[in-house]
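# Descriptive structure summary
Listed below are the residues making up each chain.
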Amino acid sequence: MVAFDLRLTKRIGETRIDFALTAGEGATVLFGPSGAGKTSVLNMIAGLLRPDAGHVRVSGETLFDADAGIDLPPERRRAGYVFQEPRLFPHLRVRDNLRYGAPGGRVEMAAIDFLGIGHLLDRWPRTLSGGEARRVTIGRALLGAPRFLLLDEPLSSLDRARREEILTAIEHIRDTARLPILMVTHDAGEAERIGTRIVSVE
Amino acid sequence: MLTATEWQIVALSLRVGLVAIVMTLPIAFALAWLLARAAFPGKLLVDALVHLPLVVPPVVTGWVLLILFAPSGLIGHWLDRAFGVTVLFRWTGAAIAAGVMALPLMVRAMRLSIEAVDRRFENAARTLGAGRWRVFRTITLPLSLPGVAAGLVLGFARGLGEFGATITFVSNVPGETQTLPLAIYSALQQPGGDALVWRLSVISVALSLAALVASELLVRRAGRGHGGV
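No experiment lies behind these values; they were computed from the predicted model shown.

### A short note on the overall build of chain B
Scanning chain B from terminus to terminus reveals ten helices and zero strands. Going from the N terminus to the C terminus, chain B shows its helices and strands as α-α-α-α-α-α-α-α-α-α. When its C-alpha atoms are laid out on the principal axes, chain B stretches across 70 × 45 × 30 Å. Per-residue burial over chain B gives 45% buried out of 229 residues. Of all intrachain contacts in chain B linking residues separated by at least 6 positions in sequence, the fraction that spans at least 24 positions is 71%. Summed over its atoms, the accessible surface of chain B is roughly 11,800 Å², and 70% of this surface lies on carbon and sulfur atoms. Averaging the positions of the 18 positive and the 10 negative side-chain charges in chain B gives two centres separated by 12 Å.

So, in structure tokens, the structure goes:
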């Protein structure tokens, strides 16, 4: 089954993004140097950036189609989006960050036990370390009952030990959650390790 | 401590100041949000109009209010017909004058705090399934709240000090529209009123100082709240 069927055209200032991808289940890694527009591609899939032309289909559902005039708002696309910087809501405790997108506001800790964040629930985001914040962000995305995951450089600005934790967590999601994953990275090692397939972006 | 007359003046001033900012709050916040976030034709004009009370002589603002709220005026006529009330020479009129004069300061503080809300949080909330209204309620509003509070305090302090527009619009009626500055003005006119001028001035300074310190504390707290994200 085709997980991601994308054709995107977008002009941002002087740069022009032309991106096409058809990918099956598992984790697809977009690999390429910074500044190649990979984050813009994720934003267009999530509905935060409007493509000039093309389409976005995920697991057979059309989220955007310029020709057909379809453009679902971000809140109806159900992307589990892990941004490059954690973006935890600063005025909400970890628990309330986790339940923000959860259906019924319930935090199913069992679903995210593997992230090891159970002891952080009553903390404020600003008191978390980089690795902790990253894991909470991944947990928040997973609890939002997403139909697919978008991971933007999920290991950036983490030290070696923390990277290993997050890599293991992503592998766990890939192998157990059966969610299509689209991950962006500029690190060949990460790409090799996570990617069911690797797509080079120039 | 304070005499009965002084208490009356202080209580009236506080009531006028509080009602003024409560009345102005929704208008100020809506204007601040529009100026911070919306793009529409005539935005520059709206921005200029909002700031007008800050630069126009207060007497002129008071005179415009008088024309609008007079029984034959645009708003005065409607108020009289719909509710049978008038705000002329009433403390409610003093509150309107204070609110109009406080509006620019309130909009400025609120606009800055709305502009300071990181859009990336709002985008993150939307990917988590929140529609525009829920994003506004749960992200934008709480994150801009310290600025809203600072705007309220500043507006309150401005309202307490209102003189020109008030005396022009609702005159200087003891017990009804005679707020602190107007009472000080009256005392100055009377032989032997020096002691009262002194006492009322000290009260004014104390109230204004307290408001400014409160506002400063709120802004600092806002700075901390957004930090370390």
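### A few points about the overall build of chain A
Check the secondary structure of chain A and you find seven helices and ten strands. For chain A, whose C-alpha radius of gyration is 16 Å, the value lies close to the compact-globule estimate of 17 Å for 202 residues. Seen through its C-alpha atoms, chain A measures out along the principal axes to roughly 45 × 35 × 35 Å. If you take every contact in chain A between residues at least 6 apart in sequence, the share linking residues at least 24 apart comes to 68%.

### A word on the pairing of strand S5 (residues 61–65) of chain A
Residue and element names in this part refer to chain A. Sheet analysis places strand S4 (residues 53–58) next to S5, joined by four bridges and oriented antiparallel. By the bridge assignment for S5, His55 is matched with Asp65. Taken together, S4 and the strand that follows it, S5, pair antiparallel across an intervening segment of two residues, in which Ser59 is found at a positive phi of about 50°. Bridge count between S5 and strand S6 (residues 70–71): two bridges; the pairing is antiparallel.

### Focus on the pattern of salt bridges
All names here are of chain A. Evaluation of the coordinates by the stated rule reveals 29 salt bridges over all chains. A salt bridge links Glu165 to Arg162, with the shortest nitrogen-to-oxygen separation between them at 2.6 Å. Here Arg162 and Glu165 lie together in helix H6 (residues 160–176), a separation of three residues that amounts to about one turn. Its salt-bridge partner being Arg193, residue Glu164 comes within 2.9 Å of it at the nearest N-O pair. In this pair, Glu164 sits in helix H6 while Arg193 sits in helix H7 (residues 188–194), placing the two residues 29 residues apart along the sequence.

### Some words on the interface of chain A and chain B
Facing the 19 residues of chain A at the interface are 22 residues of chain B. With both chains or domains summed, chain A and chain B bury close to 1,800 Å², and 64% of this area falls on carbon and sulfur atoms. Run the count over chain A and chain B and you get two salt bridges. For Glu75 of chain A, the salt bridge goes to Arg126 of chain B, with nearest N and O atoms at 2.7 Å. Breaking the side of chain A that touches chain B down by element, the ones donating at least two residues are helix H2 (74–77), strand S7 (79–82) and helix H5 (130–143) of chain A. Considered class by class, the residues forming the side of chain A that touches chain B number twelve nonpolar, two polar and five charged.

### Side note on unusual backbone geometry
Among all residues save glycine, negative phi is the norm, and among peptide bonds the norm is trans. Positioned with a positive phi, Arg78 of chain A is a non-glycine residue whose angle comes to about 55°. Within the fold, Arg78 of chain A resides in the loop between H2 and S7. Note on Arg78 of chain A: relative accessible area 36%, which makes it partly exposed. The backbone phi angle of Phe89 of chain B is positive, close to 60°, even though this residue is not glycine. Tracing the sequence through the fold places Phe89 of chain B in the loop between helix H4 (74–83) and helix H5 (91–115).

### A word on the side chain of Thr177 of chain B
All names here are of chain B. Structurally, Thr177 can be placed in the loop between helix H8 (164–170) and helix H9 (180–189). At 3.4 Å, the side chain of Thr177 forms a polar contact with the backbone oxygen of Val170. Leave out the neighbours within four places in its chain, and Thr177 touches Leu12, Phe89, Arg90, Trp91, Thr166, Val170, Ser171, Asn172 and Leu182.

### Looking at a nonpolar patch on the surface
Residue and element names in this part refer to chain B. Together, Leu45, Leu49, Leu52, Leu54 and Val55 make up an exposed nonpolar region whose accessible area comes to about 490 Å². Positionally, Val55 belongs in helix H2 (residues 43–55). With a relative accessible area of 65%, Val55 lands in the exposed category.

### Notes on the pairing of strand S8 (residues 148–152) of chain A
Residues and elements named next belong to chain A. Most of S8 sits out of view: five of its five residues are buried. Of the two faces of S8, the one carrying Phe148, Leu150 and Asp152 and the one carrying Leu149 and Leu151 are both buried. Examined bridge by bridge, S7 and S8 share four bridges and lie parallel to one another. Its bridge partner lying in S8, Val82 is registered against Leu151. Taken together, S8, H6 and strand S9 (residues 181–185) constitute a β-α-β crossover, and its handedness is right-handed.

The rules behind these values
Residues numbered from 1 in each chain as written. Chains lettered and ligands numbered in written order. Predicted model: local features only at pLDDT ≥ 70, side-chain atom pairs only at ≥ 80, totals over all residues. Heavy atoms only, no water. Helix = DSSP H or I, 4+ residues; strand = E, 2+ residues; numbered from the N terminus. Buried < 20%, exposed > 50% of the residue type's maximum accessible area, 1.4 Å probe, protein only. Contact = heavy atoms within 4.5 Å. Areas by Shrake-Rupley, 256 points an atom, 1.4 Å probe, with all protein chains shown as cover. Lys, Arg positive; Asp, Glu negative; His and termini not counted. Charge placed at Lys NZ, Arg CZ, Asp CG, Glu CD. Rg over C-alpha atoms; globule rule 2.2 N^0.38 Å. Pairing = 2+ DSSP bridges. Salt bridge = Lys/Arg side-chain N within 4 Å of Asp/Glu carboxyl O. Buried area = accessible area lost by both parts, 1.4 Å probe. Nonpolar A, V, L, I, M, F, W, Y, C, P; charged D, E, K, R; others polar. Polar contact = N/O pair within 3.5 Å; in protein donor to acceptor, adjacent residues only side chain to side chain. Patch = residues over 30% accessible without salt bridge, like charges linked within 9 Å, V, L, I, M, F, W, Y side chains within 5 Å. Right-handed = clockwise from strand over helix to strand, strands pointing away.

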